[in-house]
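Given next are the chains, with one letter for each unit.
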Amino acid sequence: QRIVRHAEYYIHGGDIIFRVEDVLFRAHRYFFTRDSAFFRRMLPHPPPPGEYAKGSSDNYPLVLEDTPQVDFERFLWVFYNPKYSLYDATVEEWSSILKLAHKWEFVGVKTLAIRELERLDIPPLRKIVIYHSYAIDRRLLQAAYTAFTIRDKPITNEEGQELGLDTVLQLARARELARAPAPGGIRNKDARSPVTVAGSELDELVRELFQL
């Protein structure tokens, strides 16, 4: 296979070479050792006698396994964004950045990705899956949990597979309680029945069930 240099992110003046799939990237080690505990553990170690340091040249790159090229491109964009503090990206792009920031312990980049995702309109299912996958504060999911709680349509099998059993059970419980009658009435366990709670009562129900 032919290894090629990336057209944009083989940066003049960079001092570390990464290989992602069949593409070489040259970047500045400073960003990786400054912001990531993962790379601080990986990069300072001197090579064994007679061997070259990984990342020192095109012939001895630091190979990033299990990292799609497109994800790494999006990740480097955070550091080399030509618009300075203006970060204009899609949910899919921020999800790629968030995935690598979480994997490599870039706390600041992860915070940035969460901040930008919070500004975007994300469907409840997708938001829950993303935030659960990368250990994001679940208090930020209250609106998404509520949307599933009060919607008329039951949770589908496909949605259940994405959400996971624990979340599905919590949502099912929330949907049941949100459709309970007034005190003294008969509880209706049909999740398609009308919602009988709203406002602060609904907020408290969701917070309690999901321990937000």
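The rules we used
- Residues numbered from 1 in each chain as written.
- Predicted model: local features only at pLDDT ≥ 70, side-chain atom pairs only at ≥ 80, totals over all residues.
- Heavy atoms only, no water.
- Helix = DSSP H or I, 4+ residues; strand = E, 2+ residues; numbered from the N terminus.
- Rg over C-alpha atoms; globule rule 2.2 N^0.38 Å.
- Buried < 20%, exposed > 50% of the residue type's maximum accessible area, 1.4 Å probe, protein only.
- Areas by Shrake-Rupley, 256 points an atom, 1.4 Å probe, with all protein chains shown as cover.
- Lys, Arg positive; Asp, Glu negative; His and termini not counted.
- Charge placed at Lys NZ, Arg CZ, Asp CG, Glu CD.
- Salt bridge = Lys/Arg side-chain N within 4 Å of Asp/Glu carboxyl O.
- Pairing = 2+ DSSP bridges.
- Contact = heavy atoms within 4.5 Å.
- Axes fitted to C-alpha atoms, helices over the stretch in contact; angles between N-to-C directions.
- Core = buried A, V, L, I, M, F, W, Y, C linked by side-chain atoms within 4.5 Å.

**Q** Run through the overall build of the protein, naming residues and quoting values.
**A** In terms of helices and strands, the protein carries ten helices and four strands. Ordered by position in the sequence, the α and β elements of the protein form the string β-β-β-α-α-β-α-α-α-α-α-α-α-α. A compact globule built from 212 residues would reach a C-alpha radius of gyration of about 17 Å, whereas the protein, at 23 Å, exceeds it by more than 25%. Projected onto its principal axes, the C-alpha positions of the protein cover 80 × 35 × 30 Å. Residues classed as buried in the protein amount to 40% of the 212 residues present. As presented, the protein carries roughly 12,500 Å² of accessible surface, and 51% of it is formed by carbon and sulfur atoms. The protein carries 29 positive and 30 negative side-chain charges, and their two centres are separated by 2 Å.

**Q** Would you mind going over the pattern of salt bridges in detail, with residue names and values included?
**A** Taken as a whole and judged by the stated rule, the model has twelve salt bridges. E176 is the salt-bridge partner of R173, the closest N and O atoms lying 3.4 Å from each other. Of the two residues, R173 and E176 both sit in helix α9 (residues 165-178), three residues apart, roughly one turn of that helix. By relative accessible area, R173 is classed as partly exposed at 39%.

**Q** Tell me about the sheet that holds strand β3 (residues 23-27), residues and numbers included.
**A** Strands sit in the order β1-β3-β2-β4 across an open sheet of four strands; the sheet is mixed. In the strand order of this sheet, the two ends are held by β1 (4-10) and β4 (62-63), each with one partner. Bridging between strand β2 (residues 16-20) and β3 involves five bridges; their strand directions are antiparallel. Bridge pairing links I16 to A27 in β3. Against the sheet, helix α3 (residues 69-79) engages β1, β2 and β3, with an angle of about 15 degrees to β3.

**Q** I'd like to hear about unusual backbone geometry, residue by residue, with values.
**A** Despite not being glycine, D66 shows a phi value in the positive range, around 55 degrees. Structurally, the position occupied by D66 is in the loop between β4 and α3. Given the relative accessible area of 73%, D66 is considered exposed. Despite not being glycine, Q211 shows a phi value in the positive range, around 55 degrees. Position of Q211 relative to the elements: it lies in the segment after α10 (199-209).

**Q** Report on the nonpolar core, specifying residues and quantitative values.
**A** Soluble globular proteins tend to pack their nonpolar side chains together in the buried interior. If you look at the biggest cluster of nonpolar residues, it comprises 56 residues, and the most contacted ones within it are F18, F32, F39, F72, F75, W94 and F106. In terms of residue count, helix α4 (residues 91-104) provides more of this core than any other element does, seven residues in total. Excluding residues that lie within four positions of it along the chain, F75 makes contacts with F32, I97, L100, A101, W104, F106 and V109.

**Q** Can you break down α3 residue by residue, with the values?
**A** A large share of α3 lies buried, amounting to eight of its eleven residues. Listed as buried for α3 are D71, F72, R74, F75, L76, W77, V78 and F79. Contacts made by the buried residues of α3 are with β1, β2, β3, α1 (29-35), α4 and α5 (107-118).

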